[in-house]
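The lines below spell out each chain.
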Amino acid sequence: MDINLTKENINDANFKSSIIYYEKIDSTNTYCKNNYSKLADKSIVIAKTQTNGRGKNTRVWFSPDGGLYFSILLKDKPKNANLLPLLTSIAIYNALKEFNINIKIKWPNDIIFDNKKLGGILVESKISATSKTYIIGIGLNIRSTLPSLDIKDKFTSLNQFTKNLACTELILASIINSFSDLLKILDSNPSELLSLYRLNCIILNKEVFLNSEKGSKKVFVLDINNDGSLKVKDLESDTIFDIYSGEFSITGLENYI
Ligand code: BTN
């Protein structure tokens, strides 16, 4: 990747000033976790490939050449940090829209295209006695070759749809610019963020399955709450309750969405 091209197109001087690029690394999130004390606020760590890319719930994030893998480190604890996963999804939505690509978001932070998973976000934190650092890892299949039919059923890559796909460097810069703009709104006007999110959340007002180790139950998704949790109605008992990310996985009634 031509990281200078990305740098030239990033507007915020802080995000521009501390960019680290690896051709190959285990995981950009793991790197940030291990090195957070010496990394500056708003550092960006990018990798061409990852040998141990990590997804949510200890899953592996397949990271071959052709994808976009990076982590953003936030040391200056933002207000409403619980909304960071939602904010990051909208940053990706806004950025890809600039290239005429319309993604959808599956709560809390799966990036969906053509009803399949195009990317994901893994937000982690590192707490020390004096500070809390957030690590926001983003993986997007841009020009990825997906290996098996099994994976192709659930995942997709942008190059399968778009002939004149913008270069990854510019897509990355655009995500950082949008992320930086939204960080300001997170502080001053989180409800604007939530409205944007509700508009593009693919499971809102739909019936879905909530899956956990205990089994699956069918619920109707009523709303995204102001704290970023999901308000659902159990369709058997008619009870309404909130769920937080990580508690369940969500699948559509017939397939992934
Ligand atoms: C998910 O399960 O949907 C989250 C996937 C997050 C993958 C990204 S790739 C860059 C960063 N480094 C990692 O090891 N994971 C995140």
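What counts and what doesn't
Residues numbered from 1 in each chain as written. Predicted model: local features only at pLDDT ≥ 70, side-chain atom pairs only at ≥ 80, totals over all residues. Heavy atoms only, no water. Helix = DSSP H or I, 4+ residues; strand = E, 2+ residues; numbered from the N terminus. Rg over C-alpha atoms; globule rule 2.2 N^0.38 Å. Buried < 20%, exposed > 50% of the residue type's maximum accessible area, 1.4 Å probe, protein only. Contact = heavy atoms within 4.5 Å. Pairing = 2+ DSSP bridges. Axes fitted to C-alpha atoms, helices over the stretch in contact; angles between N-to-C directions. Parallel < 35°, antiparallel > 145°, perpendicular 65-115°, else oblique. Nonpolar A, V, L, I, M, F, W, Y, C, P; charged D, E, K, R; others polar.

Student: Sorry if this is basic, but what is going on with the overall build of the chain here?
Tutor: Looking only at helices and strands, the chain features seven helices and 12 strands. Compactness check: the chain gives a C-alpha radius of gyration of 18 Å against a globular reference of 18 Å for 257 residues, within 12% of the reference. Dimensions of the chain, computed from C-alpha atoms along their principal axes, come out at roughly 55 × 45 × 30 Å. Buried residues in the chain amount to 50% of all 257 residues. Here the analysis covers contacts within the chain between residues at least 6 apart in sequence; of these, 62% occur between residues at least 24 apart.

Student: Can you walk me through the pairing of strand β6 (residues 116–127) in this structure?
Tutor: Two faces, one strand: in a regular strand the side chains alternate between the faces of the sheet. Pairing between strand β5 (residues 110–113) and β6: four bridges, direction antiparallel. When the sheet's bridge partners are listed, I112 is paired in β6 with K117. With antiparallel pairing between neighbouring strands as the criterion, β5 and β6 make up a hairpin whose turn holds two residues, including D114 at a positive phi of roughly 55°. Pairing of β6 with strand β7 (residues 132–140), which is carried by nine bridges, proceeds in the antiparallel orientation. Within the sheet, the bridge partner assigned to E124 lies in β7 and is I135. Adjacent in sequence and paired antiparallel, β6 and β7 are bridged by four residues.

Student: Teacher, can you tell me more about the packing of helix α6 (residues 168–188) against helix α7 (residues 190–200) here?
Tutor: The geometry of a pair of packed helices is captured by two quantities: the angle between their axes and the separation between those axes. At a closest axis distance of 6 Å, the pairing of α6 and α7 adopts a crossing angle of 120°. Relative to α7, α6 is oriented oblique. Across the interface between the two elements, L182, I185, L186, D187 and S188 of α6 pack against P190, E192 and L193 of α7. When grouped by side-chain class, the residues that make up the contact of α6 with α7 number five nonpolar, one polar and two charged.

Student: Teacher, can you tell me more about the sheet that holds strand β2 (residues 44–50) here?
Tutor: Paired through backbone hydrogen bonds, the strands of a sheet run either parallel or antiparallel to each other. Read from one edge of the open sheet, seven strands run β1-β2-β3-β7-β6-β5-β4, paired in mixed fashion. Because the sheet does not close on itself, it has two edges, and the strands there are β1 (19–25) and β4 (104–106). Taking each pair of neighbouring strands and ignoring which way they run, the sheet shows an average axis angle of 20°.

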